[in-house]
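Fold and geometry: a report
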Amino acid sequence: MKNKRDLILSAILLIVLFGASWFANSELDSYIRRIVNLCLIYAIIGLSMNVTNGFAGQFSLGQAGFMAIGAYTVGIFTVPVELRANVFYAVPMNPFIADIQMPVWLALIVGGLLAALVAFLIGTPVLRLRGDYLAIATLGFSEIIRICITNASSFTNGALGIKDIPPLNDVRYIFVVTAITFVFIAALINSSYGRAFKAIREDEIAAEAMGINLYKHKCLAFMISAFFAGIGGGLYGTLLGTVDPKNFLFTLTYNFLLIIVLGGMGSITGSMLGAIIVTAGLEYLRIFDEPLKLFGTMIPLFRPGFRMVMFSALLMACVLFWRHGIMGTREITWSKLIAFCKNPIGFFKRKGAAQ
Amino acid sequence: MEFFQGFLNMSGASFAQHMVNGVSLGSLYALIAIGYTMVYGILLMINFAHGDIVMMACYFAYFGITIFHVPWYFTFIGVIVATALLGAIIERMAYRPLRDAPKNSVLISAIGASFLLENLANYLFSGRPMSFPDIPLFSQNIAIGSIKIQAISMVIPVVTIISLLVLLHIVNHTKTGMAMRAVSKDYEIARVMGINIDNVISMTFIIGSALAAIGAIMWGIRYPGITPYLGVMPGLKCFIAAVIGGIGNIKGAVLGGFILGLGEILIVAFFPDLSGYRDAFAFIVLIIILFYRPTGILGERTTEKV
Amino acid sequence: MKNILKTKAMTMQFGGVTAVNALEIEINEHEIVALIGPNGAGKTTAFNMITGVYTPTNGAVIYTDAEGQECNITGMKPSEIAKIGIARTFQNIRLFKDLSVYENVIIAKHLHLKSDFMSATLHMPWYNKEQAKAEEKVEELLKKVDLWDMREEKASSLPYGKQRRLEIVRALATEPRLLLLDEPAAGMNPKETDELTVFIKQIRQEYNLTVFMIEHHMELVMEISDRIYVLDFGETIAKGSTEEIQNNKRVIEAYLGVDEDA
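This structure is a prediction, so every number in the text was calculated from the model and none was measured.

Rules used throughout
Residues numbered from 1 in each chain as written. Chains lettered and ligands numbered in written order. Predicted model: local features only at pLDDT ≥ 70, side-chain atom pairs only at ≥ 80, totals over all residues. Helix = DSSP H or I, 4+ residues; strand = E, 2+ residues; numbered from the N terminus. Rg over C-alpha atoms; globule rule 2.2 N^0.38 Å. Buried ≥ 20, exposed ≤ 12 C-beta atoms within 10 Å, placed from the backbone. Contact = placed C-beta atoms within 7 Å. Nonpolar A, V, L, I, M, F, W, Y, C, P; charged D, E, K, R; others polar. Axes fitted to C-alpha atoms, helices over the stretch in contact; angles between N-to-C directions. Parallel < 35°, antiparallel > 145°, perpendicular 65-115°, else oblique. Left-handed = near helix turned anticlockwise from the far one by under 90°. Pairing = 2+ DSSP bridges. pLDDT = per-residue confidence, 0-100. Expected span 1.5 Å × (residues − 1). Bend = angle between axes of the 7 residues up to and from the residue. Core = buried A, V, L, I, M, F, W, Y, C linked by C-beta atoms within 7 Å.

The next subject is the overall build of chain A. For chain A, the helix and strand inventory stands at 17 helices and two strands. Its C-alpha atoms give chain A a radius of gyration of 21 Å, near enough to 20 Å, the size a compact globule of 355 residues would have. Oriented by its inertia axes, the alpha-carbon framework of chain A measures out at about 65 × 65 × 40 Å. The 355 residues of chain A split such that 50% are buried.

Attention shifts here to unusual backbone geometry. Unusually for a residue other than glycine, His69(B) sits at a positive phi of about 55°. Structurally, His69(B) is set in the loop between helix 3 (50-67) and helix 4 (72-95). Look at His69(B) and you get exposed, because 9 C-beta atoms sit within 10 Å. Backbone geometry at His30(C) places phi at a positive 70°, although glycine is not the residue there. Along the polypeptide, His30(C) turns up in the loop between strand 2 (17-28) and strand 3 (32-36). Taking the C-beta count within 10 Å as the criterion, His30(C) has 16 such neighbours and is therefore assigned partly exposed.

The next thing to look at is the interface of chain C and chain A. When the parts of a complex come together, some accessible area is lost, and that lost area is often used as the size of the interface. Listed by partner, the interface residues are 28 residues for chain C and 23 residues for chain A. Residue assignment for the side of chain C that touches chain A shows that the elements contributing at least two residues are helix 2 (78-83), helix 3 (101-107) and helix 4 (117-121) of chain C. If one sorts the elements of the side of chain C that touches chain A by residue count, helix 2 of chain C sits on top with four residues.

Attention now goes to the interface of chain B and chain A. Contacts between the two partners involve 32 residues from chain B and, on the opposite side, 32 residues from chain A. Every element with two or more residues in the side of chain B that touches chain A is listed here: helix 5 (103-125) and helix 13 (278-292) of chain B. Examining the composition of the side of chain B that touches chain A, we find that 15 residues originate from one element, helix 5 of chain B, more than from any other. Its residues assigned to classes, the side of chain B that touches chain A comprises 23 nonpolar, seven polar and two charged.

Here we come to the environment of Ala9(C). Residues and elements named next belong to chain C. Mapped onto the secondary structure, Ala-9 falls in strand 1 (residues 3-14). On the basis of neighbour count, Ala-9 is assigned to the exposed category, with 12 C-beta atoms found within 10 Å. For the pair Ala-9 and Asp-65, spaced 56 residues apart in sequence, the C-alpha separation works out to 21 Å. Those residues in contact with Ala-9 that lie beyond four places of it in its chain are Ala-22, Glu-24, Asn-58 and Gly-59.

All names here are of chain A. Put simply, helix 2 (residues 30-55) and helix 14 (residues 268-284) touch, their axes get as near as 8 Å, and they point 140° apart. One finds that helix 2 runs oblique with respect to helix 14. In the crossing of helix 2 with helix 14, the sense of the turn from one axis to the other is right-handed. In this structure, helix 2 contributes Ile-35, Leu-38, Cys-39, Tyr-42, Ala-43, Gly-46, Leu-47 and Asn-50 to the contact, and helix 14 contributes Ile-268, Ser-271, Met-272, Gly-274, Ala-275, Ile-276, Val-278, Thr-279, Ala-280 and Glu-283. The residue inventory of the contact of helix 2 with helix 14, partitioned by class, reads twelve nonpolar, five polar and one charged.

All names here are of chain C. Taking strand neighbours across the sheet as the criterion, the six strands line up as 6-7-8-3-9-10 in an open arrangement whose pairing is mixed. Each edge of the open sheet is held by one strand with a lone partner, namely strand 6 (86-88) and strand 10 (235-240). Direction aside, the axes of adjacent strands within the sheet are offset by 15° on average.

Across a sheet, paired strands are connected by hydrogen bonds in the backbone, their directions being either parallel or antiparallel. Residue and element names in this part refer to chain C. In space, the four strands of this open sheet follow the order 2-1-4-5, with antiparallel pairing throughout. Here the strands that pair on one side only, and so sit at the sheet edges, are strand 2 and strand 5 (70-72). If you compare each strand with its neighbour and ignore which way they point, the axes differ by 20° on average. The pairing of strand 1 with strand 4 (residues 58-64) spans five bridges and is antiparallel. Its bridge partner being in strand 4, Thr-11 is matched across the sheet by Asn-58.

What follows is about the pairing of strand 4 of chain C. Residues and elements named next belong to chain C. Here strand 4 runs beside strand 5; their pairing, made up of three bridges, is antiparallel. Of the residues in strand 5, the one forming a bridge with Tyr-63 is Cys-71. Counting the residues in the hairpin turn of strand 4 and strand 5 gives five residues, including Gly-68, whose phi is positive at 85°.

Another point: the packing of helix 12 (residues 250-270) of chain B against helix 13 of chain B. All names here are of chain B. Interaxial distance between helix 12 and helix 13 falls to 10 Å at its minimum, and their mutual angle equals 135°. With respect to helix 13, the element helix 12 is oriented oblique. Along this stretch, helix 12 crosses helix 13, giving a crossing that reads as right-handed. Between helix 12 and helix 13, the residues in contact are Leu-260, Gly-263, Glu-264, Ile-267 and Val-268 and Arg-278, Phe-281, Ala-282 and Val-285, respectively. Looking at the contact of helix 12 with helix 13 residue by residue, the class counts come to six nonpolar, one polar and two charged.

Here we come to the confidence of the model for chain C. A residue-level look at chain C finds 97% of positions with pLDDT of 70 or above and a mean pLDDT of 91. Taken together, the chains of this predicted complex give a pTM of 0.90 and an interface ipTM of 0.91.

Let us look at helix 2 (residues 12-43) of chain B. All names here are of chain B. With 32 residues, helix 2 should cover 46 Å at 1.5 Å per step; its first-to-last C-alpha distance of 46 Å lies within 8% of that length. Residue Ile-32 marks the point of greatest curvature in helix 2, where the axis turns by about 25°. Within helix 2, 23 of the 32 residues are buried, leaving the element largely enclosed by the surrounding structure. Backbone geometry just downstream of helix 2 places Leu-44 in the positive-phi region, at approximately 55°.

Judged by nonpolar contacts, the single largest core of 275 residues is most densely connected at Ala57(B) and Cys58(B). Setting aside residues no more than four positions away along its own chain, Cys58(B) makes contact with Phe132(B), Ala216(B), Trp219(B), Gly220(B), Ile226(B) and Leu230(B).

Here it is as structure tokens:
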């Protein structure tokens, strides 16, 4: 009964949002459209990071590396063959791939699968580690991926990067990918496998004693996370138009870390909120990078770099004073929304009493 | 065959040259790795900001000598004091409030602190690379036979050994050192025994950061380009050095530092084709160590209690 | 009587310390067997070896499965051991604290799931069918043990006695043949202990279980055990029926200490 209602409501919401994306695509100016796209892409990657870090409880910092794999796959295979000599002017492209061209959707999937494959290979040694060690090892692998990309010039054009990636820039397209990601991960979390992930997060030893194969499930979470990070990275590549290894420094991962910490580790609706707030916030903070004149005097505080200071201070403040983020491990559900709409004040009162 | 060219062409003199470079890089890694290992030994956390403390120390030295024209020996003392203070402040602000929080929160806070320092440096000192002040005494070349060695390369190992001896004396023969060892052995019991844990932790950060400052000064003289992100790679590598030696173990950190420094230089010397992968070397060693001997070379093996 | 678990010279050494030395245990089907001994005697270590948390340094663990087949389970992964029908609880309750009571129990059904992760995520009909069956079983189980009304509550918010019970129920949900309980009555008041006694008897009957438990509560042990093993400093110092143990001189010595003057 309830399930059916939620399903219908979700479907309606998706259709409405798709309509909105149609509107955004045709009516909004290119600057706003870019921010909306970035928001959606960050949401995909934030969601993917939440699978490992939030649900399976494995603190991984490899997102930038997996994004790089996706972005480069899209870059390499979607640049039109006739433009490639122009892009690969220093070192000619490897003849093995020089003539392969793919449509974007296929390149995205291939990129995601490659990222998942790399995750599988990395997973064997790395997923035996815990906590800090896992964090540093995944971060290390993210850097190794970047170093390999820098050095494999005949495939990736090395430090010069790949330019002329055909822009996608279609809000509807990116929205659909985001929606699929969201629905897939929500369905995964609500399945038996999702519960197994949570069990591992809560207590590895008990989970194992309940018959959950730790390695298999951690690896699964890691691969799913990498797959979607690869897809998100591919979309990010089309948005940038030019990818080079410097785009995928491990500090890029910190954006998504902030998204999931702010939204709540282990909450997918939280990740969506986090993605919107962080992306929009980072754009908004841009005013801090420009000189500001107040009452005719220059405020010396505002100059390039201040935005990132604010950003990192925000990450710290969030974890110091607001550790559970907006949602904690809770989710926004239809039942809660309806309860809220019926009685907004009572909703929070009851929640306060329950805690 | 081309791959082994570097190996075949190596003469005795250039091998000696590489060894000197490797030992001096290893010494620098060792000094910085000690900071990681001491903090991990007590708080069981990676102080992600440690590499950025190194970076800040370089900027302090730059400002002291180049901007304020303070003689280098006074500046260096000032830098060590200021950096030690910075370390203590970071602990106070970013880690102490989370003493009872889940480990992941502390980890995120550490990442945040590191990122904040980098962005602050970028904002305050601009992202343009600056040049570490030149001190002719250290930067001159000394010729020994057919090899030429920068004076600093000889100074680095000596300073490292002296610092290490002083540190070992502090840890093994003073009251503060005893308290540190007690806290790293058993946090709870040390607390019950009346040891002021907060002071011990502050002391650990002060000592670790002071050593990082010494390392940073010599790093700056050896590799003079200063940027806000200068500390990132050395930071990661020194943490890896600490893990290789056995985290929590000071001698292990030194051993790990030398293994990593020498390994890195020699691999590039023997296989010039791999020089692009130089930074990947440390991570590969890390993975291998964690796989086969997760507690490091000198670490104790432990079993988790169920 | 058919044998269900046997350990052969099972030994565990940590560094130079022998925690358990050449332990020989035999448990028959449908028995309740207790493992007692002073603190640090190696009881939990023995459990950890049987359930795969530790690999014994020496010796073997032999399990007889439902088909009567003897299999060597030494060094198998804990998750595999759970799958063949051995479930356990922990000395210091290890529930999934932030998850609900219901989730805690249904997680234990995951090991019976045959659908792969893709069909589970896409909620394919065969997965839904499997899942519905699992949900039915969990509901039945929770109702039987009086936890159905609190199924939505966070595991960590339950009172202590209920948490202990929930941990046993979670182990039961894996549908074991052999249940290992590590100090189930620890920290319980006399009333809760009495309830637990009844509960253990009840589930053994209901689910045709074999129970192997570590316990310090002598009243409980004497009341429900068929046989008892006594461990001290890693060595088996006595075994036998409750009466035999109660009158065993070495056991009394181990518990009360030897009187030097005597």
